[in-house]
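# Architecture at a glance
Chain residues, written in single-letter form:
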Amino acid sequence: MKKGVMRPGHIQLRVLDMEEALKHYRDLLGLIEMDRDQQGRVYLKGWTEVDKFSVVLREADAPGMDFVGFKCLSEDVVDSLRAELIEFGCEVEDIPAGELLDCGRRVRFNSPSGHYFELFASKQQTGKWGIGEVNPEAWPQGLTGMKAVRFDHCLLYGPNIAGTADIFCKVLGFDLAEQVIEPDGNIIARFLTTSSKAHDVAFIEHPEQGKLHHASFWLETWEDVLRAADLISMNDVSLDIGPTRHGLTHGKTIYFFDPCGNRSEVFCGGDYHYPDHPPVTWQAEQLGKAIFYHDRQLNERFLTVLT
């Protein structure tokens, strides 16, 4: 049952050098810089996103993800889910309005996989960048790089993903859209959605807590993904793999790294999910084809490089 969580709202990433990071997220990915705060954090968004920001960059000593936040329909939903999280056994922290610029209060909670998540309902809306809300044009002029459309999802690695998935499915109302199962029945990967997308967040079993595999940004077409690959080569950016297609979700994709080692993905296409759809299952012995449908074999870097 859906409980009022609408979509991924923001992700805060740690970077080692802010100006180098902006060459990646702003100039290459094409996110739009919206603001900076007194802590030195930089706020960015994709051009179709109506909220003021979806990506926050924080300069730190080590790369990775601080937290990812999900936007709810209302403050009442946030209150209700806060109570359910506490009853479920989660540690909850209340973050006051304004701690992130122009964002309302947030409810942060921990998870068995070692990641921190947030729920919020209020954020300043600046509208789709460059096209307006009345008689909008097809797309804005002046975009740079890959012209990222939106922050779409993240893939996270950690232990006890079953426990984390329970929070998302039993408390927050997410659906299990896809899974990877070992011969003994153990589920080693779970792709969860709170919308009709193939996934809004995904988890893979891993012994280390709180690891980020990638933050993903949606592009409109396969031609855009191929153009992204050209830009990666033109700018001598570290490439992980692609362009290729996933078996899982069937998205067309390419993976690459920011200057401090955080992995980015841009992709297009992919499956859709409705609440009456049963989970799609991949067998672990077919994991190569599940991840890289064309090559049908795993790239060791894809499995082991995490931040």
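Residues numbered from 1 in each chain as written. Predicted model: local features only at pLDDT ≥ 70, side-chain atom pairs only at ≥ 80, totals over all residues. Heavy atoms only, no water.

## A word on the overall build of the protein
Check the secondary structure of the protein and you find 6 helices and 17 strands. Against the globule reference of 19 Å for 307 residues, the protein gives a C-alpha radius of gyration of 18 Å, in line with a compact fold. Each principal axis of the C-alpha distribution contributes one length, and for the protein these read about 50 × 45 × 45 Å. Evaluated residue by residue, the protein yields a buried proportion of 54% over its 307 residues. The contacts of the protein with a sequence gap of at least 6 include a subset with a gap of at least 24, amounting to 68%. When the accessible surface of the protein is split by element, carbon and sulfur atoms take 48% of a total near 13,200 Å². Across the protein, the centroid of the 31 positively charged side chains sits 2 Å from that of the 47 negatively charged ones. (Helix = DSSP H or I, 4+ residues; strand = E, 2+ residues; numbered from the N terminus. Rg over C-alpha atoms; globule rule 2.2 N^0.38 Å. Buried < 20%, exposed > 50% of the residue type's maximum accessible area, 1.4 Å probe, protein only. Contact = heavy atoms within 4.5 Å. Areas by Shrake-Rupley, 256 points an atom, 1.4 Å probe, with all protein chains shown as cover. Lys, Arg positive; Asp, Glu negative; His and termini not counted. Charge placed at Lys NZ, Arg CZ, Asp CG, Glu CD.)

## What to know about the pattern of salt bridges
This model, assessed by the stated rule, comprises 25 salt bridges. Its salt-bridge partner being Glu99, residue Arg41 comes within 3.5 Å of it at the nearest N-O pair. Here Arg41 is found in the loop between strand E2 (32–36) and strand E3 (42–45), whereas its partner Glu99 is found in the loop between strand E6 (92–95) and strand E7 (106–109), with 58 residues between them in sequence. On the basis of relative accessibility, which here comes to 2%, the residue Arg41 falls in the buried class. Given a relative accessible area of 28%, Glu99 falls into the partly exposed group. (Salt bridge = Lys/Arg side-chain N within 4 Å of Asp/Glu carboxyl O.)

## Digging into the pairing of strand E5 (residues 64–72)
Taken across its 9 residues, E5 has 9 buried, putting it largely inside the fold. Sheet topology note: the strand E1 (residues 5–15)/E5 ladder contains 8 bridges and is antiparallel. By the bridge assignment, Ile11 is partnered in E5 with Val68. (Pairing = 2+ DSSP bridges.)

## Concerning the sheet that holds strand E8 (residues 117–120)
As summarised here, the arrangement of the 8 strands in space is E2-E3-E4-E1-E5-E8-E7-E6, forming an open sheet in which the pairing is mixed. Strands at the two margins of the open sheet, each flanked by one partner only, are E2 and E6. Strand-to-strand, the axes of this sheet are offset by a mean angle of 25°, without reference to chain direction. Bridge count for E7 against E8 is 4 bridges, and the pairing is antiparallel. Looking at E8, one finds that Val107 is bridged to Leu119. Across the sheet, helix H1 (residues 18–28) is in contact with E1, E2, E3 and strand E4 (55–59); its angle to E4 comes to roughly 160°. (Axes fitted to C-alpha atoms, helices over the stretch in contact; angles between N-to-C directions.)

## Regarding the nonpolar core
Membership of the largest hydrophobic core comes to 60 residues, with the highest contact counts inside it found for Leu57 and Leu172. The residues touching Leu57, leaving out its near neighbours within four places in the chain, are Leu13, Val15, Met18, Ala21, Leu22, Tyr25, Gly40, Arg41, Val42 and Leu44. Core analysis: the second largest hydrophobic core is formed by 19 residues, Leu155, Phe191, Phe302 and Leu306 among them. (Core = buried A, V, L, I, M, F, W, Y, C linked by side-chain atoms within 4.5 Å.)

## Some thoughts on the sheet that holds strand E11 (residues 187–193)
Ordered in space as E14-E15-E16-E13-E9-E12-E11-E10-E17, the 9 strands form an open sheet in which the pairing is mixed. Two strands lie at the open edges of the sheet, namely strand E14 (239–245) and strand E17 (280–283), each paired on one side alone. Each adjacent strand pair in this sheet contributes to an overall mean axis angle of 20°, direction not counted. Contacting strand E9 (150–158), strand E10 (175–181), E11 and strand E12 (201–205), helix H3 (residues 161–171) crosses the sheet at an angle of about 20° to E11. Relative to the sheet, helix H4 (residues 222–234) contacts E14, strand E15 (251–257) and strand E16 (263–269), its axis offset from that of E15 by approximately 15°.

## Side note on the packing of helix H2 (residues 75–88) against H3
The interhelical angle for the contact between H2 and H3, taken along N-to-C directions, is 140°, at an axis separation of 11 Å. In terms of orientation, H2 lies oblique with respect to H3. As H2 packs across H3, the resulting crossing turns out to be right-handed. Residue-level inspection shows Leu81, Glu84, Leu85 and Phe88 of H2 in contact with H3, the latter providing Asp166, Ile167, Lys170 and Val171. (Parallel < 35°, antiparallel > 145°, perpendicular 65-115°, else oblique. Left-handed = near helix turned anticlockwise from the far one by under 90°.)

## Overview of the packing of aromatic side chains
Under the criterion given, the structure shown has 14 aromatic pairs. One aromatic cluster is present, formed by Phe70, Phe109, Phe117, Phe168, Phe174 and Phe203 through successive ring pairs. One cation-aromatic arrangement involves Lys147 over Trp139; the distance from NZ or CZ to the ring centre is 5.9 Å. Residue placement shows Arg150 over the ring face of Trp218; its charged tip is 4.6 Å from the ring centre. (Phe/Tyr/Trp six-rings, centres within 6.5 Å; stacked < 30°, edge-to-face > 60°. Lys NZ or Arg CZ within 6 Å of the ring centre and 35° of its normal.)

## Section: the environment of Val15
Tracing the backbone through its elements, the reader meets Val15 in strand E1. Among the residues examined, Val15 registers a relative accessible area of 0% and is labelled buried. Along the backbone, Val15 and Pro63 are 48 residues apart, and their C-alpha atoms lie at a distance of 5.1 Å. Apart from residues lying up to four places away in sequence, Val15 is in contact with Ala21, Tyr25, Leu57, Arg58, Glu59, Ala60, Asp258, Cys260 and Asn262.

## Describing H1
The complete set of buried residues in H1 reads Met18, Ala21, Leu22, His24, Tyr25 and Leu28. Where H1 begins, the capping side chain belongs to Asp17, and its oxygen is found 3.3 Å from the backbone nitrogen of Glu19. At the exit of H1 stands Gly30, carrying a positive phi of roughly 90°. (Polar contact = N/O pair within 3.5 Å; in protein donor to acceptor, adjacent residues only side chain to side chain.)

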